[in-house]
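Single-letter residue listing:
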Amino acid sequence: MTNKVYQVPYGTKDILPGQMKTRRSVEDAIIRVFDKWGYDEVKTPDFEYVDTFGASGAKGDFRFFDRSNNLLVLRNDMTAPIARLTATRLQGGEKIKRLCYLANLYRYEEIQAGRQCEFEQAGVEMLGASGAAADAEVIVLAAAAMKAAGVERFAISLGHVDFINGLAEEAGFDAAQLRELKACLRRHDAVAMQELADSMENIRPEIKQLFADFLFLQGGPELLERIGQVVTQEKCLSALDNLRRIYALVEAYGAAEYLSFDLGLYRSLDYYTGMLFEIYLPELGYPVAGGGRYDKMMQSFGMDCPATGFALGVDRILLALERTGAVNNERGWDAFIGWSEGKLPEAIAKATALRSEGRSVKLATEAMELTEAAKAMKDYCCSSLVYVE
């Protein structure tokens, strides 16, 4: 007998009995909500040709060659594969395509709470729809999915890429400066933002102050009114107007209580073209969900098609539920069937009858005494005993 301890690869984990049962209930609850809102579930391969991800590929990709020397990548994001699927397999049919998924993704990460190299996401993509109505729908659907998963306390932060781009244009930034600005916003570097503001010359003091305060431009509708009195760049004003329309529609859905604005919000993927949002929980210091509008991605697959969507981190939701004590991972079945010597056929018939009634049943694999069956019932987490003799 070997004493070797077999480990799982870095950044992965086993999901144990009980834990898997809880996970499946959360997954099913989320997918049911997506279905109620009219979204079709699809599935794409775990790995794709690297060109599918194009500019959206991350530095932490897991890449490998197949036997024909094609470069492949384990999917690190679901938006690009859904875009590929739509462009190549779903060109006809409905004008507006509502698709949803439940999938494992892979990125090389520095492991910490809420971050793994293999993780699960559930999400939706609405393709073919432009405007605030589509954006409001996916935001409210994200909130509905959170509640279906058992999460009641959360906050949605809503921003807009064009507000960031417009303010950079007003400041006269070149492409390199814009990349640096977005990098600062992405890593929430307030010191770097202050240094950037201090270095600005020949710019209105009000705009310079906005850059210094960029990471703190957060609040309700009054924030948009205040900022709208300061900026003059058309792209910024259009972004603020789009956010007002989205908010009004979220309010019509009755979900505005979860929503606030964060004009310095910038997500890690660079394909967003309009509104973007993230969902936060008080139990975690990082977002559990996020999404936004990406109107240009489909062009790389030969289609001119507006799109919007989001993804929920299933592992992060489960972690939050555990921290609030909402998960017990208990295992249980309705009945254990024990049987005495020679009574296995009768026990099988009983088990079959109970299962046909919708009950969950564990059947003993060998004959046993009644006292042994009573103990086995408890050991196997069954709530009742049926003994055939």
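Residues numbered from 1 in each chain as written. Predicted model: local features only at pLDDT ≥ 70, side-chain atom pairs only at ≥ 80, totals over all residues. Heavy atoms only, no water.

1. Quick notes on the sheet that holds strand E2 (residues 47-49)
Taken together, three strands build an open sheet; the order of strands is E2-E4-E3 and the sheet is antiparallel. For this open sheet the edge positions go to E2 and strand E3 (63-65), each flanked by a neighbour on one side alone. With direction set aside, neighbouring strand axes in the sheet form an average angle of 35°. Note that E3 and strand E4 (residues 71-74) share three bridges and pair antiparallel. The residue of E4 that forms the bridge with Phe64 is Leu72. (Pairing = 2+ DSSP bridges. Helix = DSSP H or I, 4+ residues; strand = E, 2+ residues; numbered from the N terminus. Axes fitted to C-alpha atoms, helices over the stretch in contact; angles between N-to-C directions.)

2. Quick notes on the packing of aromatic side chains
According to the stated counting rule, one finds 14 aromatic pairs in the structure shown. Residues Phe47 and Phe64 carry aromatic rings whose centres are separated by 5.6 Å and whose planes lie at 70° to one another, so their mutual orientation is edge-to-face. Taken as a pair, Phe47 in strand E2 and Phe64 in strand E3 lie far apart in primary sequence, 17 residues in all. Look at Phe211 and Phe214: their rings are 5.7 Å apart centre to centre, the planes differ by 85°, and that puts the pair in the edge-to-face class. Taking relative accessible area as the criterion, Phe211 reaches 0% and is therefore assigned buried. (Phe/Tyr/Trp six-rings, centres within 6.5 Å; stacked < 30°, edge-to-face > 60°. Buried < 20%, exposed > 50% of the residue type's maximum accessible area, 1.4 Å probe, protein only.)

3. Concerning the nonpolar core
Counting 113 residues, the largest nonpolar core has Phe34, Phe163, Leu181, Phe211, Phe214 and Phe277 as its most contacted members. Ranked by the residues each element gives to this core, the list is headed by helix H3 (residues 132-148), at 12 residues. Excluding residues within four positions of it along the chain, Leu181 makes contact with Ile164, Ala168, Phe173, Met193, Leu196, Phe211 and Phe214. Trp339, Ala351, Ala376 and Val386 belong to the second-largest nonpolar core, a separate cluster that totals 17 residues. (Core = buried A, V, L, I, M, F, W, Y, C linked by side-chain atoms within 4.5 Å. Contact = heavy atoms within 4.5 Å.)

4. Considerations on the side chain of Arg84
For Arg84, the location among the structural elements is in helix H2 (residues 79-89). Side-chain polar atoms of Arg84 contact the side chain of Glu48, separated by 2.8 Å. Look past the residues within four positions of Arg84 in its chain and what remains in contact with it is Thr44, Pro45, Glu48, Thr52 and Phe301. (Polar contact = N/O pair within 3.5 Å; in protein donor to acceptor, adjacent residues only side chain to side chain.)

5. Focus on the sheet that holds strand E13 (residues 333-339)
As summarised here, the arrangement of the three strands in space is E14-E13-E15, forming an open sheet in which the pairing is parallel. Looking at which strands have only one partner, the edges of the open sheet turn out to be strand E14 (361-363) and strand E15 (382-388). The average angle at which neighbouring strand axes cross in this sheet is 25°, direction not considered. Where E13 meets E15, six bridges bridge the pair, whose relative direction is parallel. Note that in E15 the partner of Ala335 across the bridge is Ser384. Lying on the sheet, helix H11 (residues 344-356) is in contact with E13, E14 and E15; it crosses E13 at an angle near 165°. Helix H12 (residues 370-379) contacts E13 and E15 of the sheet and is inclined by roughly 155° relative to E15.

6. Remarks on the environment of Phe53
Inspection of the secondary structure assignment puts Phe53 in the loop between E2 and E3. With a relative accessible area of 3%, Phe53 lands in the buried category. Sequence separation of Phe53 and Ile337 is 284 residues, and the distance between their C-alpha atoms is 52 Å. Setting aside its immediate chain neighbours within four residues, Phe53 contacts Glu48, Val73, Arg75, Asn76, Asp77, Ala80 and Pro81.

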